[in-house]
Amino acid sequence: MNIAAHPVVEADQTVYLKDYQKPSFLVDSIQLDIQVFDDKTHVYAKLDMQRQTAGDLVLLGRDLQLQSIKVNGQVLAENEYQLDTEQLSIANAPEHAVIETHVIIHPESNTQLEGLYLAGGDLFVTQNEPEGFRKITFYPDRPDVLSVFTTRVEADKKFPVLLANGNLIEAGEAGEGRHYTVWQDPTKKPAYLFACVIGDLAVLKDSYVTSEGRNVALEIYAEEKDIAKCHIAMEALKHSMRWDEEHYGRPYDLDNYMIVATSAFNMGAMENKGLNIFNTSCVLADEEYTTDAAIMRVQSVIAHEYFHNWTGNRITCRDWFQLCLKEGLTVFRDQSFSEDLQSAAVQRIDDVAVLKAHQFPEDSGPLSHPPRPDHFVEINNFYTATVYEKGAEINRMMATLLGKEKFRAGTDEYFKRHDGQAVTVEDWVAALTAGSGVDLSSFLIWYNQPGTPKLEAQGEYDATAQTYRLSLKQSLKAHPKYPNLKAVPIPVALALFNKASGEQLVLNSDALFENAVKDGVYLFDQDEAVIEFTGVKAQPVVSLLRSFSAPVNLEFNYSDEELAFLLQYETNGFNQWQAAQSLVENILLKDHDAQIYLDAISSPKLLPQLVCKDPLLASRLLDVPAEGYLGSRIDENYNPAMIQEKRNALLTAVALSFTGFWKNIYQTLEAPAEFSQAMGVRALKNIALNMMARQGDESVFDLAFEQFKTTQNMSERLGALKVLVWNDAPQAKEALADFYARFKGEALSMDQWFMVQAAHPKATAESIQALTQHPDYDLKVPNRIRAVSGGLNANPVNTWSFGVQHFIGLAKYLDEKNPIVGSRLLQALSRWYTLAEPQRSVVKAELEALKPQVKSKNVSETLNSMLSV
Ligand code: BES
Ligand code: ZN
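Each chain has its residues counted from 1, following the order in which its sequence is written. Chains carry letters and ligands carry numbers; both start at the beginning, A for chains and 1 for ligands, and go up in the order they are written. Totals for whole chains, interfaces and linings use all residues, but because this is a predicted model, local features are given only for residues with pLDDT of at least 70 and pairs of side-chain atoms are given and counted only at 80 or more. Hydrogens and waters are ignored; side-chain quantities use all the structure's heavy atoms.

Undergrad: Describe the site of ligand 1, listing the residues and the values that go with them.
TA: We call a residue near a given molecule or strand whenever any one of its heavy atoms falls within 4 Å of it. If you check the shell around ligand 1, you find 16 residues, and the closest are Glu129, Gly268, Glu271, Glu305 and Tyr388. Polar contact is the term for a pair of N or O atoms within 3.5 Å; when the atoms are in protein, one must be able to donate a hydrogen and the other to accept it, and sequence-neighboring residues count only if both atoms are side-chain atoms. Measuring from an oxygen atom of ligand 1, one finds a backbone N or O atom of Ala269 at 3.2 Å. Note that a nitrogen atom of ligand 1 is positioned 3.4 Å from one of the side-chain N or O atoms of Lys326. In short, Shrake-Rupley with a 1.4 Å probe defines the accessible areas, and a residue's cover is counted only from the protein chains shown. Burial of ligand 1 by the protein chains amounts to 90% of its free accessible area of 510 Å². When residues of the shell around ligand 1 are traced back to their parent elements, those giving at least two are β20 (269-270), α2 (292-307) and α3 (323-341). For the shell around ligand 1, the element with the highest residue contribution is α2, accounting for four residues. Each residue gets one label: Ala, Val, Leu, Ile, Met, Phe, Trp, Tyr, Cys and Pro are nonpolar, Asp, Glu, Lys and Arg are charged, and the others, such as Gly, are polar. By residue class, the composition of the shell around ligand 1 is six nonpolar, four polar and six charged. Labels follow the DSSP assignment, with helices taken as runs of H or I lasting at least four residues and strands as runs of E lasting at least two, numbered in each case from the N terminus.

Structure representation (structure tokens):
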């Protein structure tokens with residue numbers, strides 16, 4: 001090996017978007033032969049490469065034991081190539097080079113869950129996005145190198161299932177109790193979409209006929225006992241396939257579509273061409289074992305990975321800076337799909353709640369970055385809420401502005417221009433512009449700068465002139481790395497309501513500058529603007545950013561009475577919810593009196609009616625934001641205990657302000673057959689149990705225990721268990737033991753068992769330690785780690801006391817074992833700098849002390865950014 005002899009200087013490992021260069025060689029085809037043994041795996045690769053531009057022939061490779069390399073049939077001697085820990089390069093390679101390599105890898109000891117790894121006793125799977133393929137073989141592992149893959153997989157017959165992308169073209173005996181399959185994927189793809197699976201799994205089969213008449217075999221692979229839990233995913237898959245044909249004109253392009261479930265997975269799921277690999281948490285769905293929220297998530301993740309077949313696979317990213325091109329668009333598509341599955345308003349509420357709870361805080365702190373970053377050290381650190389959720393919002397804004405037809409013309413143009421290519425965000429916006437005939441180029445600003453814009457609005461009614469003037473102003477917090485922040489185009493969806501009658505007014509507007517209100521949407525793209533509405537005969541109340549038409553922080557000086565008015569009269573379900581949220585924030589963060597909110601929320605005109613009509617929306621209107629979210633709205637002197645106390649006081653006041661209501665809805669509501677209605681009823685009944693407990697009515701524990709014991713539905717069982725455990729009810733221990741005995745062999749249900757206990761408001765370092773030392777706790781399974789860490793982090797008071805050691809300890813351990821997950825978990829502490837002293841300095845010192853102890857790019861980049869405030 002030729003490792004440089006000169007002194008090691010800690011190189012700057014930052015990669016910049018501006019340095020992008022085309023690859024010097026392309027790969028026309030690759031033949032892979034993967035032979036799995038108990039103690040090692042042999043990988044033989046043959047790449048047919050063609051020069052494209054000047055430069056060395058560079059193959060990336062990490063943790064590979066090179067056995068041999070040939071170029072055009074000639075074995076290379078060690079002095080004919082350069083090899084270091086990251087790459088193999090050949091100077092003066094011929095124009096056309098057939099490269100043959102043989103390497104040995106060790107999936108059986110791969111704990112990072114990247115590349116090919118042993119995911120459990122009898123299952124090997126791959127995870128190659130973004131840069132895992134280089135841990136399988138030497139390859140130009142970058143998304144702008146697309147190739148035709150032929151894959152031979154060979155293993156012992158104790159692994160009956162041998163899968164790879166594309167069509168099965170051959171299968172047979174390989175001697176010594178071994179067998180093989182050969183697969184060919186006809187579509188060119190980047191290496192990150194390569195997958196193979198070697199294991200002992202059962203399969204659920206179905207089929208689907210595309211709009212073009214193609215008959216597609218659908219297969220979901222999972223453990224035998226879990227096959228019964230794959231039906232919801234299968235239905236969601238067929239539904240997604242139809243949906244993409246109907247909404248985007250995109251049929252599926254292969255004869256098979258396979259999904260494999262594994263419990264050892266860093267993320268939720270992965271869109272490998274024709275062979276998706278899923279975390280069990282995102283494919284197994286069954287009322288008895290998984291919650292309603294998990295069932296909704298399964299459907300949206302199935303749709304998401306399926307939608308990538310066009311937005312991601314057929315058209316991929318030129319480089320990883322463009323990640324939000326595929327992820328932002330695909331999230332927007334899966335959100336739209338989910339809006340068709342249940343109440344669209346509730347889906348929007350849930351999506352915006354995620355955006356505000358994760359993306360907004362990320363964007364206001366040290367990890368803030370543009371949806372398309374311009375530099376990174378470790379790309380795995382950029383699968384963020386900003387890339388995903390803000391990326392989706394940018395697409396939603398453009399779709400809102402264009403309307404259905406023009407947006408479709410734009411996406412048609414995108415598929416027409418770029419099918420089979422690796423492209424950029426600019427290509428996407430240009431295609432949308434050309435297809436729709438509407439210039440969207442100013443939306444590129446959204447992709448390129450960080451921070452959540454502040455949108456300040458003021459309204460002024462002139463009764464004599466019968467005009468209502470709305471002044472708007474936008475601004476962004478200065479960012480040290482991005483000095484030239486520009487105004488962004490903000491679609492403001494709005495409505496006016498008659499304050500006296502509650503009726504919605506028809507809008508007549510004259511924008512004093514430009515961009516008059518069209519279809520209830522005003523495009524605000526300057527630093528400041530004024531819109532004037534005419535013919536406004538009575539005092540109005542304005543409702544802004546309906547359906548959250550832009551990802552901004554709105555500041556409008558609503559009185560609490562006006563918010564209560566909107567909660568009651570707004571016909572946009574999202575803005576109704578937003579009004580309730582604003583009222584609650586006023587109480588908890590600005591010390592407003594709670595009475596107006598309590599009166600509004602308990603008004604007989606609101607919930608009692610909605611509870612029957614739209615129980616799911618009714619349950620959301622009762623949301624009181626989590627302590628973590630409230631904390632994220634505080635930028636300095638944050639005192640978690642104070643937030644906890646105030647929030648509890650408000651919840652108790654809500655409980656007491658509806659006297660007989662809770663017991664009444666608990667006893668009278670019955671879950672109907674329709675799933676989303678039933679989900680709403682279950683959510684309401686669980687809220688009712690909590691409220692009764694807050695009323696101090698101890699008989700609620702008997703009701704909860706009864707519910708716990710008799711239901712066959714996980715949302716009901718878990719809802720009851722939480723009430724018992726979190727209130728230290730006398731039945732809590734028995735319920736936990738019963739749950740354990742019942743679900744011992746069900747990993748996803750057991751995750752909930754760990755989570756409930758970790759999320760106990762009075763958890764302690766000792767109680768958490770008891771969980772992490774439990775025989776069923778497993779540091780090799782990210783889902784289990786997340787169950788305990790996520791549960792603990794549900795109570796910021798705990799996170800910021802003994803939780804600090806918990807997260808730092810995990811980051812230290814995972815730094816080597818699984819740096820992707822380690823880096824993510826450490827982010828639980830990213831808002832340390834907002835804490836009040838002395839906590840702030842204590843946590844800072846702990847983070848500083850961690851710095852010299854971590855080695856991975858993942859954890860160190862995150863830690864450095866976290867400390868750079
Ligand atoms: N392409 C990602 C999965 C991925 C990215 C895996 C990076 C490993 C490293 C996939 O399409 C995805 O976005 N999955 C999400 C779920 C989705 C519904 C947003 C995930 O895994 O969380
Ligand atoms: Zn994705």
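Undergrad: Which residues make up the side chain of Thr41, and what are the values?
TA: Among the structural elements, Thr41 can be located in strand β3 (residues 41-51). Since its relative accessible area comes to 0%, Thr41 is described here as buried. Type-normalised accessible area, obtained with a 1.4 Å probe on protein chains alone, sets the label of each residue: buried when under 20%, exposed when over 50%, and partly exposed for intermediate values.

Undergrad: Give a description of the sheet that holds strand β31 (residues 540-544) that names residues and reports values.
TA: Note on pairing: DSSP must find at least two bridges between two strands before they are called paired. In spatial order, the strands read β29-β27-β31; together these three strands make up an open sheet with antiparallel pairing. Every interior strand has two partners, whereas the edge strands, β29 (521-524) and β31, have only one. Across this sheet, the average inter-strand angle for adjacent strands is 35°, counted without regard to direction. Where strand β27 (residues 490-498) meets β31, five bridges bridge the pair, whose relative direction is antiparallel. Residue pairing in the sheet places Phe497 in a bridge with Val541 of β31. Taken strand by strand, helix α8 (residues 560-569) contacts β27 and β31, and its axis lies near 75° from that of β31. Inter-axis angles, ranging from 0 to 180 degrees, are taken between N-to-C directions of lines fitted to C-alpha atoms, where helices are fitted over the stretch in contact. Only heavy atoms enter the contact rule, under which two residues are in contact if any of them lie within 4.5 Å.

Undergrad: Lay out the environment of Tyr461 in plain terms, naming residues and giving numbers.
TA: You can see Tyr461 is positioned in strand β25 (residues 454-462). Contacts of Tyr461, omitting those with residues within four sequence positions, involve Gln466, Thr467, Tyr468, Val536, Lys537, Ala538, Gln539 and Pro540. A distance of 3.4 Å separates a polar atom in the side chain of Tyr461 from the backbone oxygen of Lys537. Of note is the side chain of Tyr461, whose polar atom sits 3.3 Å from the backbone nitrogen of Ala538.

Undergrad: Residue-level account of empty space enclosed by the protein, with values.
TA: Grid points spaced at 1 Å over the protein atoms alone were grouped into cavities, where a 1.4 Å probe fits but cannot get out, and pockets, open sets with protein on both sides within 12 Å along at least five of seven lines, with lining residues defined by an atom within 4 Å of a point. Grid points are joined across faces, edges and corners, and a volume is the space filled by probe spheres set on the points. In this structure the tally under the stated criterion is one cavity of 30 Å³ or more. For the largest cavity, the calculated volume is near 30 Å³. As for the largest cavity, its lining consists of Thr311, Gly312, Ile315, Thr316, Cys317, Leu325, Lys326, Leu329 and Tyr414. Going through the elements one at a time, β22 (316-317) and α3 are the ones with two or more residues in the lining of the largest cavity. At three residues, the largest contribution of residues to the lining of the largest cavity is made by α3. Counted by class, the lining of the largest cavity contains five nonpolar, three polar and one charged residues.

Undergrad: Run through the UniProt feature "domain: Aminopeptidase N-like N-terminal" (unreviewed entry) in the chain, naming residues and quoting values.
TA: The positions that UniProt labels "domain: Aminopeptidase N-like N-terminal" (unreviewed entry) are, in the present scheme, residues 40-193. Overall, residues 40-193 shows 0% helix and 56% strand. The separation of its end C-alpha atoms is 23 Å. UniProt positions are given in the numbering used here, feature names are shortened, and annotations may be inferred rather than shown by experiment.

Undergrad: Let's hear about the coordination of the zinc ion (ligand 2): which residues, and what values?
TA: His304 (NE2), His308 (NE2), Glu327 (OE) and Glu327 (OE) make up the full set of protein donors to the zinc ion (ligand 2), lying at 1.9 to 2.7 Å. Distances up to 2.8 Å from the metal define which N, O and S atoms are donors, and 3.2 Å serves for Na, K and Ca; water is absent from the atom set, so sites may look incomplete. Counting gaps between the donor residues of the zinc ion (ligand 2) yields the pattern H-x3-H-x18-E. Here Glu327 lies in helix α3 and His304 lies in helix α2, a separation of 23 residues in the sequence.

Undergrad: Lay out the packing of helix α25 (residues 819-826) against helix α27 (residues 857-867) with the relevant residues and their values.
TA: Here α25 crosses α27 at 20°, and the two axes come no closer than 8 Å. Considering their axes alone, α25 and α27 lie roughly parallel with respect to each other. The handedness of the crossing between α25 and α27 comes out as right-handed. Each of Pro819, Ile820, Gly822, Ser823 and Leu826 in α25 lies in contact with α27, whose residues at this interface are Asn858, Val859, Thr862, Leu863 and Met866. Grouping the constituent residues of the contact of α25 with α27 by class yields six nonpolar, four polar and no charged. The scheme is simple: roughly parallel for angles under 35 degrees, roughly antiparallel for over 145, roughly perpendicular for 65 to 115, oblique for anything else. Note on convention: the crossing is left-handed when the near helix lies turned anticlockwise from the far helix by less than a right angle, right-handed when the turn is clockwise.

Undergrad: Break down helix α20 (residues 747-758) for me, with residues and values.
TA: One less than the number of residues in a helix, times 1.5 Å, gives the span that helix is expected to have. The end-to-end C-alpha separation of α20 is 16 Å, in line with the 16 Å expected for twelve residues at 1.5 Å each. Summarising burial for α20: ten of the twelve residues are buried, a large majority. What α20 keeps buried is the set Leu748, Ser749, Met750, Asp751, Trp753, Phe754, Met755, Val756, Gln757 and Ala758. On the buried face of α20, the contacting elements are α18 (714-726), α19 (732-743), α21 (765-772) and α22 (782-792).

Undergrad: Residue-level account of the packing of aromatic side chains, with values.
TA: For any pair of aromatic rings, the description rests on two quantities: the centre-to-centre distance and the angle between the ring planes. Each Phe, Tyr or Trp ring (for Trp, its six-membered ring) is paired with any other whose centre lies within 6.5 Å, and the angle between the two planes then decides the class: stacked below 30 degrees, edge-to-face above 60, tilted in between. Scanning the entire structure with this criterion turns up 40 aromatic pairs. Note on Tyr306 and Phe307: the rings are 6.2 Å apart at their centroids and 65° apart in plane angle, and the pair reads as edge-to-face. Just as Tyr306 is buried, Phe307 falls in that class too. Judged by centre distance (6.3 Å) and plane angle (55°), the rings of Phe754 and Tyr777 are tilted. Residue Phe754 is found in helix α20, and its partner Tyr777 is found in the loop between α21 and α22; the two are separated by 23 residues along the sequence. Both residues of the pair, Phe754 and Tyr777, belong to the buried class. Over a ring means this: the NZ of a Lys or the CZ of an Arg is within 6 Å of the ring centre and within 35 degrees of the ring normal. The ring of Tyr666 is capped by Lys685, whose NZ or CZ atom sits 5.3 Å from the centre of that ring. Across from the ring centre of Phe708, 5.8 Å away, lies the NZ or CZ of Arg717, which sits over that ring.

Undergrad: Break down the sheet that holds strand β17 (residues 202-209) for me, citing the residues and quoting the values.
TA: Strands sit in the order β17-β18-β19-β21-β20 across an open sheet of five strands; the sheet is mixed. Strand pairing shows two members of the sheet lacking a second neighbour, β17 and β20, which therefore form its edges. In this structure, strand β19 (residues 256-262) lies alongside strand β21 (residues 275-279), joined through five bridges in parallel fashion. From the neighbouring strand, Met258 faces β21, where its bridge partner is Leu275. Along the sheet, helix α1 (residues 231-248) makes contact with β17, β18 (215-222) and β19, crossing β17 at roughly 25°. This element, α2, spans β19, β20 and β21 of the sheet and lies at about 150° to β21.

Undergrad: I'd love a proper account of the pairing of strand β13 (residues 161-164), names of residues and values included.
TA: In summary, the side chains of a regular strand alternate between the two faces of the sheet. Covered by surrounding structure in β13 are Val161 and Leu163 together with Leu162 and Ala164, the residues of both alternating faces. Sheet topology places β13 next to strand β16 (residues 196-199); four bridges connect them, and they run antiparallel. Residue pairing across strands places Leu163 opposite Val197, the latter belonging to β16.

Undergrad: Let's hear about the pattern of salt bridges: which residues, and what values?
TA: The rule for a salt bridge is simple: a side-chain nitrogen of Lys or Arg has to be within 4 Å of a carboxyl oxygen of Asp or Glu. Evaluated as defined, the whole model comprises 51 salt bridges. One salt bridge in this structure joins Glu219 and Lys205, with 3.8 Å as the shortest N-O distance. One end of the pair, Glu219, is in strand β18; the other, Lys205, is in strand β17, with 14 residues separating them in the sequence. With a closest N to O distance of 2.9 Å, Glu746 and Lys229 form a salt bridge. Here the residue Glu746 occupies a position in the loop between α19 and α20, and Lys229 occupies one in the loop between β18 and α1, the gap between them amounting to 517 residues. Comparing Glu746 with Lys229 shows no difference in burial state: the two are buried. Linked through salt bridges whose partners overlap, the residues forming this network are Asp33, Arg152, Glu154 and Arg178.

Undergrad: Report on unusual backbone geometry, specifying residues and quantitative values.
TA: With an omega of -5°, the peptide bond running from Glu129 to Pro130 counts as cis. Along the chain, the position of Pro130 falls in the loop between β11 (123-127) and β12 (147-156). The backbone of Glu176 shows a phi angle near 55°, a positive value even though the residue is not glycine. Counting through the fold element by element, Glu176 comes out in the loop between β14 (167-175) and β15 (178-189).

Undergrad: So, the domain arrangement of the chain: which residues are in play, and what are the values?
TA: For the chain, the assigned domains are domain 1 (1-200), domain 2 (316-448), domain 3 (454-550) and domain 4 (744-869). Using only C-alpha atoms to locate each centre, domain 1 and domain 2 end up separated by 31 Å. Opposite the 15 residues of domain 1 that make contact, domain 2 presents 21 residues. Buried area: the sum, over both parts, of the accessible surface (1.4 Å probe) that disappears when the two are put together. Carbon and sulfur atoms supply 63% of the area that domain 1 and domain 2 bury against each other, a total of about 1,500 Å² over both sides. Together, Leu17, Pro130 and Pro143 form the three largest contributors to the area buried by domain 1 at its contact with domain 2, with a combined 37%. For the interface between domain 1 and domain 2, the tally reads one salt bridge. A salt bridge links Lys326 to Glu129; the nearest nitrogen and oxygen atoms lie 2.7 Å apart. At the boundary of domain 1 and domain 2, one finds six residue pairs in polar contact (both at pLDDT 80 or more). As used throughout, domain bounds are those supplied by an automatic or database domain assignment.

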